[in-house]
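# Summary of structural features
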Amino acid sequence: MRLHEYQAKQVFSDAGIPTPASDLAATVDEAVDAAEEIGYPVAIKAQVHVGGRGKAGGIKLVEDADEAREAADDILGMDLKGYTVDRVLVEAAVDFENELYVGVTMDRGEGEPVAMVSTRGGVNIEEVAEEDPDAIAREHIDPAFGMHPYQARKVVYDAGVDREIAGDVASILRTLYQLWDDRDGADAEINPLMVTGDKEVVAADAVFNVDEDALFRQPELAEMEEEGEFAESELEQKADEYGFDYVRLSGNVGIIGNGAGLVMTTLDLVDHYGGTPANFLDVGGGAKADRIANALDMVFSDDNVDSVVFNIFGGITRGDEVAKGINQALEQFDEIPKPVVVRLAGTNAVEGMEILNEDLVTVEQTLEDAVQRAVEYAEEVEA
Amino acid sequence: MRLHEYQAKQVFSDAGIPTPASDLAATVDEAVDAAEEIGYPVAIKAQVHVGGRGKAGGIKLVEDADEAREAADDILGMDLKGYTVDRVLVEAAVDFENELYVGVTMDRGEGEPVAMVSTRGGVNIEEVAEEDPDAIAREHIDPAFGMHPYQARKVVYDAGVDREIAGDVASILRTLYQLWDDRDGADAEINPLMVTGDKEVVAADAVFNVDEDALFRQPELAEMEEEGEFAESELEQKADEYGFDYVRLSGNVGIIGNGAGLVMTTLDLVDHYGGTPANFLDVGGGAKADRIANALDMVFSDDNVDSVVFNIFGGITRGDEVAKGINQALEQFDEIPKPVVVRLAGTNAVEGMEILNEDLVTVEQTLEDAVQRAVEYAEEVEA
Amino acid sequence: MSVLVDEDSRVIVQGITGGEGKFHTEQMIEYGTNVVAGAVPGKGGQEVAGVPVYDTVEEAAEAENADTSVVFVPPAFAGDACFEALGVDALDLVVTITEGIPTQDVSRVYRRLQETDAYLVGPNCPGVITPGEAKLGILPGNIFEAGRVGLVSRSGTLTYQVVDSLSQRGIGQSTAIGIGGDPIIGTSFVEALALFEQDEKTDAVVMCGEIGGEDEEEAAAYIDEYMTTPVAGFIAGRTAPPGKRMGHAGAIVSGSGTGTAQSKIDALESAGVPVGDTPEDVVDNVEDLL
Amino acid sequence: MSVLVDEDSRVIVQGITGGEGKFHTEQMIEYGTNVVAGAVPGKGGQEVAGVPVYDTVEEAAEAENADTSVVFVPPAFAGDACFEALGVDALDLVVTITEGIPTQDVSRVYRRLQETDAYLVGPNCPGVITPGEAKLGILPGNIFEAGRVGLVSRSGTLTYQVVDSLSQRGIGQSTAIGIGGDPIIGTSFVEALALFEQDEKTDAVVMCGEIGGEDEEEAAAYIDEYMTTPVAGFIAGRTAPPGKRMGHAGAIVSGSGTGTAQSKIDALESAGVPVGDTPEDVVDNVEDLL
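Just so it is clear, the structure is predicted and the values come from calculations on it, not from any experiment.

A separate point is the overall build of chain A. Across its full length, chain A carries 13 helices and 18 strands. In terms of overall dimensions, chain A has a C-alpha envelope of 75 × 50 × 40 Å along the principal axes. Across the 383 residues that make up chain A, the buried fraction comes to 56%. A separation threshold of at least 6 residues defines the contact pool for chain A, and within that pool the share at least 24 residues apart is 69%. Of the roughly 15500 Å² of accessible surface on chain A, a fraction of 41% belongs to carbon and sulfur atoms. Here chain A carries 28 positive and 83 negative side-chain charges, and the mean point of each set is 4 Å from the other.

Structure (structure tokens):
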């Protein structure tokens, strides 16, 4: 779960990391009021979970009330890579000399956290990592001990940060690590950490991704998640509501299955047989009839979907429950909205097959056949 | 540094450990008022750093205002093993079924913390440890990870605590460990942890010793130390003021030296040559003339002292500085209060010997000779 | 024995009194697994599925001479359960089924694991089975057949899919290890492959990887350098877009393009491992290798 | 070489820019110690006593090819300084002079130390000296004479007292190790004795213990079982009352009566170690043993 910039800044600032004065605004008037209050120049920044906001016109620097009004009017309501901008952060512009990058993330390969510092801040750090890996200094952190103060200093010196500000940057990095550790961070980043002419350091952007699996013990962040989801698509909202692992893609074959690996494989097979997957949807282990019906509802709600393949290999999940859920979901329609192909295997698959209403669905015996059939249906619809 | 019971209870209670209702009182009237407020029966407990307060008459259980008045009057102002009782804690008496012991300390041999639980609470736990070591369950804690929840449960089950209250006791132990860890505890103990008929657990006593060396980062506890030292002896106050490692003993040969091992050895030699040491006083490394003069002032302030041996082996400490300090301290007297024997060795010892005013002190070349001479002087005074 | 578990394994179930714990304990016992104890704090003295329950793992292991533990404890407490199991020297295998353990908890468990000699399989895995002998976890025993092909996979149901095809074609399995779909897991592909390499009862290995991380690339390097036992591969997630978590917490192609299916497929093929396009291809490849 | 340090040791001083650090660096250099670098965050590029200063220990060690570090960092930061030194593989000896480091910090450093191959001497110790070759720490070099008696002690000035007597009687020292007076220390008596036992240049060892803990008892057991090199002992604190900290944080007889001088004396004597009543007795005993 990713906090919005304004939320992450609040969290960072509460922990003592310097951030520019700022205020959130949902209307043009609010934005102008905020700008007046803060004093010009200010930046007006779209609060959506989209990379490259600046390039896409989602961030504007303004010098007076007229410019502020114009910029807020432009940005509020604009569509940024599929997300409608509902709120902007109005923030004091920082007059900087250079920009650093500071971040903490989990290095899955090593199984432990890693702290990173670079003097090449203000740009896409993943690109820096690719072009010039040595431009990012890294220090692995022992999760048992946490970050030792010397490690923060070491990575800052290794990155080549000016000695004058090294102590401040190390101190910010320690705070960032502590937040990451205390708040179950997945990634915590400041990019750019701006260095002013007076050698002050200020977090001009803030990223904080929280480990979804730890939200249960981070009530404050869970509340921010609730509050922050003002620009979610209808389908994403639905998936959240139903509690599905769901990823929308651009194709037209809807996919429902159980188990991440098997669902991914089903997507891959759709592609392999010439189709294009519309989504990833994992109903998880042990799904009962209701959940299966919800999954069908999700996929039917996607206008791009032309056909659906249902692929269940029962372990904990029982084929008869799946079949009941499919029947239940489809029996409410006078006409089935999109053709559904079903393949059941494993626990109670035979019972499931018997229950399935073959007037409503196409049953196939193998995964390969099921996928091929769904791809054919989708092609027929598009033809 | 040891907190008073009422201070430790405050710390424990703030952390969520249940303690009985209580109030601190410095006068009999305050004590009676507190008892009325809390409701009878209450315990009236002397707040001094002395073991076995109960046996010595420092704790009394009272049923009404008259008894409360009488008990408070008895206890306030009483002398408990050399300490005058200035304040009492008035505390709701707990109707208990049994008493547990819960504690956390540093196991110096293992270099890591150890948590301890016993069902034989309410008595001197060190005696239990000697008589029946198996009556105390122990679990070592990895200081890098801290106490895992399972470890708290394990040591509670290992101790044979009733399953009904095991969860609560484990939770209190985790809190106690966390306090110990966060607050730089040396020892943290609840003895007894009382179990009531309703299976509630209540900390009826509370011990929290803080690592002196960590007080710099425990401002709240340092403040408690200041506030709590209402029953210190004059000599202890002086040693604190001067910043000496000082321990008062019962003999009559005053001892001043540098370095713990060498001072201890000087004490041992006094004993070896038939004398009795009056104190341990380590001036530390690199002491200058003023500090040396303060040390002499300390030892002269002890009425028990009949003679003084000054034993310095210079490393960082310089013999000439020591000699200057001794002269400076002694020159202010018309008559030297107690005979002083000085032995200097190591850095600048020769220079020191030259500076020393032999009208004021007796100079010896070896440690053994110096100690023997001081013992003789003390014998002469007593004779 | 095959690897990790066999008919002599003496198994504790942590969380045996919970719904999942109880159900799968019954299933494991029915399959023939030697489940000797349960461990649930506060439930000591009870019995579940005929198995005695103890308050602590240490008590359970000592009383019943156990060597293995399976963890069915809810995610908030599962990290602690792993520490508890790893704290008992007698246990040389811990299989953690639980999905959704906070990653920082797993990271600490992983740190502790490096200091022990034990194997930790999982978390977020279906378990380990040596067909005909014993199963640990939630794998559906009925689809497995005893035989000589080892299987190691990051995904549960994908494993079942491949195993079902193998069994239907008469190709039995020595041991199947579900190593789990989390970003940080105990036993890696490399460690599992090393076990199979040393196992005399394993003639070939199927390895089912997926997008995310670099475990498959490391496995490819290991296979190339050290393995004589042939390996057939499969990689799920060829069509996964970057930056999206595909069900498994670990199944994510990074924004900078590492962890892709193609990178893994290339690495395996360079190591001489045939990578199937479909699960059926994999089974064809196994037939060729045997 | 003798043990731990010799004329080839390449030494970093952590905290070289502080008053103590600077003074003792000069003293060490004057004694002949090969001090090659200082390490102080934010002071990189400076010079102290002709020695280049670096911001981090790693930089210093790499640039100057160091193998040893001496820590003169104030107590609040000394734990971190120890971690920093232990994090550099090239350093196989860290000598921590600082007194008054919070015990919980030392406990964590000690935990880390167990995972490394390095020796940590101290904290709260006077240092280590191989007379005529090099000294690390604050020991007054002028009282030492090169020779063949090893010395290990928990106390600084007591060591000087004994060494002075030895030197005055013409008995030189191979290496003297001040292991420190804290409750938790890196190198124990046993480890120091083991070093001397294996050192061909050491013919006898003087061991000066004191009240508190059980290190001397463990040393006695070790001497009894493993040592052929003769040992002469001394124990300070025979007259110390229970429950009082005698200067050293570690010098305390527990309320229940463990850690007494008598217990240590008995243990040593049972192991055949003569324990002197006075420092002069100890020197007499050494003469007898040689």
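Another aspect to go through is the interface of chain A and chain C. At the junction of the two partners, chain A supplies 48 residues and chain C supplies 50 residues. Summing both sides of the interface, chain A and chain C together bury roughly 3900 Å²; the carbon and sulfur share of this comes to 57%. When residues of chain A are sorted by the area they lose upon contact with chain C, R108, M264 and F313 of chain A head the list and together hold 18% of the total. For the interface between chain A and chain C, the tally reads three salt bridges. Across the salt bridge formed by D181 of chain A and R108 of chain C, the nearest N and O atoms sit 2.7 Å from each other. Counting across the interface, chain A meets chain C through 15 residue pairs in polar contact (both at pLDDT 80 or more). For the side of chain A that touches chain C, the element with the most residues is helix α9 (residues 260-272) of chain A, which contributes ten residues. Among the residues making up the side of chain A that touches chain C, the classes are represented as 21 nonpolar, ten polar and 17 charged.

As a further point, take the pattern of salt bridges. Summed over all chains, the structure comprises 82 salt bridges over all chains. For K60 of chain B, the salt bridge identified is with D74 of chain B, shortest N-O distance 3.1 Å. With a gap of 14 residues between them, K60 of chain B in strand β3 (residues 59-62) and D74 of chain B in helix α3 (residues 65-75) connect regions that are remote in the sequence. Given a relative accessible area of 38%, D74 of chain B falls into the partly exposed group. When the shortest N-O distance is used, the salt bridge between R148 of chain C and D203 of chain C registers 2.6 Å. Of the two residues, R148 of chain C sits in strand β10 (residues 146-153) while D203 of chain C sits in the loop between α6 (189-198) and β12 (204-210), which places them 55 residues apart along the sequence. Owing to a relative accessible area of 38%, R148 of chain C belongs among the partly exposed residues under this scheme. Owing to a relative accessible area of 33%, D203 of chain C belongs among the partly exposed residues under this scheme. Through salt bridges with shared partners, a single network forms among D142 of chain A, D142 of chain B, R111, R112 and E115 of chain C together with R111, R112 and E115 of chain D.

The next subject is unusual backbone geometry. The amide bond that connects N191 of chain B to the next residue, P192 of chain B, takes the cis arrangement and shows omega of 10 degrees. Following the sequence through the fold, P192 of chain B ends up in strand β10 (residues 185-196). In the Ramachandran plot, K199 of chain A falls in the positive-phi region, its phi being about 65 degrees despite a non-glycine side chain. When you line up the elements, K199 of chain A lands in the loop between β10 (185-196) and β11 (201-203). Accessibility expressed as a relative area gives 23% for K199 of chain A, which makes it partly exposed.

The next point concerns the confidence of the model for chain C. Chain-level pLDDT for chain C is 95 on average; 99% of the residues reach the 70-or-more range. Under the prediction, the complex receives an ipTM of 0.94, its pTM being 0.95.

Right, let's talk about the packing of aromatic side chains for a bit. All names here are of chain D. With the rule as written, the count across this model stands at 14 aromatic pairs over all chains. With a centroid separation of 5.2 Å and 40 degrees between ring planes, the pair formed by Y222 and Y226 is classed as tilted. Here the residue Y222 and the residue Y226 both occupy positions in helix α7 (residues 215-226), the gap between them amounting to four residues, near one helical turn.

With that settled, the discussion passes to helix α1 (residues 5-14) of chain B. Residue and element names in this part refer to chain B. The element α1 is largely enclosed, with a buried count of seven among its ten residues. The set of residues buried in α1 consists of E5, Y6, Q7, A8, K9, V11 and F12. Count one or two residues on from α1 and you reach G16, which has phi positive near 105 degrees.

Here we come to the domain arrangement of chain A. Domain boundaries in chain A define domain 1 (21-92), domain 2 (96-227) and domain 3 (234-382). Between the C-alpha centres of domain 2 of chain A and domain 3 of chain A the distance comes to 41 Å.

What follows is about the sheet that holds strand β8 (residues 127-130) of chain D. All names here are of chain D. Strand order in the open sheet formed by six strands is β9-β8-β11-β10-β12-β13, and the pairing between neighbours is mixed. At either margin of the open sheet sits one strand with a lone partner, and together these are β9 (134-137) and β13 (231-236). Averaged over neighbouring strand pairs, the angle between their axes works out to 15 degrees when direction is ignored. The sheet strands contacting helix α1 (residues 19-31) are β8 and β9, and the helix crosses β9 at an angle near 165 degrees. In the packing of helix α5 (residues 156-168) onto the sheet, contacts are made with β10 (146-153), β11 (173-178), β12 (204-210) and β13, and the angle to β10 comes to roughly 160 degrees.

The next point concerns the packing of helix α9 (residues 260-272) of chain B against helix α13 (residues 367-382) of chain B. Residues and elements named next belong to chain B. Relative to each other, α9 and α13 sit at 50 degrees, their axes nearing to 9 Å. When the axis of α9 is compared with that of α13, the two are oblique. Once α9 is placed against α13, the crossing between them reads as right-handed. Mapping the contact onto sequence places L262, T266, L269 and V270 in α9 and L367, V371 and V375 in α13. Its residues placed into classes, the contact of α9 with α13 shows six nonpolar, one polar and no charged.

As a further point, take the environment of L367 of chain B. Looking at where L367 of chain B falls in the secondary structure, it is placed in helix α13. In this structure the C-alpha to C-alpha distance between L367 of chain B and F310 of chain B, which are 57 residues apart in sequence, comes to 9.4 Å. For L367 of chain B, the contacting residues outside a window of four places in its chain are L262, T266, L269, N311 and R343 of chain B together with Q161 and P279 of chain D.

Parameters and conventions
- Residues numbered from 1 in each chain as written.
- Chains lettered and ligands numbered in written order.
- Predicted model: local features only at pLDDT ≥ 70, side-chain atom pairs only at ≥ 80, totals over all residues.
- Heavy atoms only, no water.
- Helix = DSSP H or I, 4+ residues; strand = E, 2+ residues; numbered from the N terminus.
- Buried < 20%, exposed > 50% of the residue type's maximum accessible area, 1.4 Å probe, protein only.
- Contact = heavy atoms within 4.5 Å.
- Areas by Shrake-Rupley, 256 points an atom, 1.4 Å probe, with all protein chains shown as cover.
- Lys, Arg positive; Asp, Glu negative; His and termini not counted.
- Charge placed at Lys NZ, Arg CZ, Asp CG, Glu CD.
- Buried area = accessible area lost by both parts, 1.4 Å probe.
- Salt bridge = Lys/Arg side-chain N within 4 Å of Asp/Glu carboxyl O.
- Polar contact = N/O pair within 3.5 Å; in protein donor to acceptor, adjacent residues only side chain to side chain.
- Nonpolar A, V, L, I, M, F, W, Y, C, P; charged D, E, K, R; others polar.
- pLDDT = per-residue confidence, 0-100.
- Phe/Tyr/Trp six-rings, centres within 6.5 Å; stacked < 30°, edge-to-face > 60°.
- Domains from an automatic or database assignment.
- Pairing = 2+ DSSP bridges.
- Axes fitted to C-alpha atoms, helices over the stretch in contact; angles between N-to-C directions.
- Parallel < 35°, antiparallel > 145°, perpendicular 65-115°, else oblique.
- Left-handed = near helix turned anticlockwise from the far one by under 90°.

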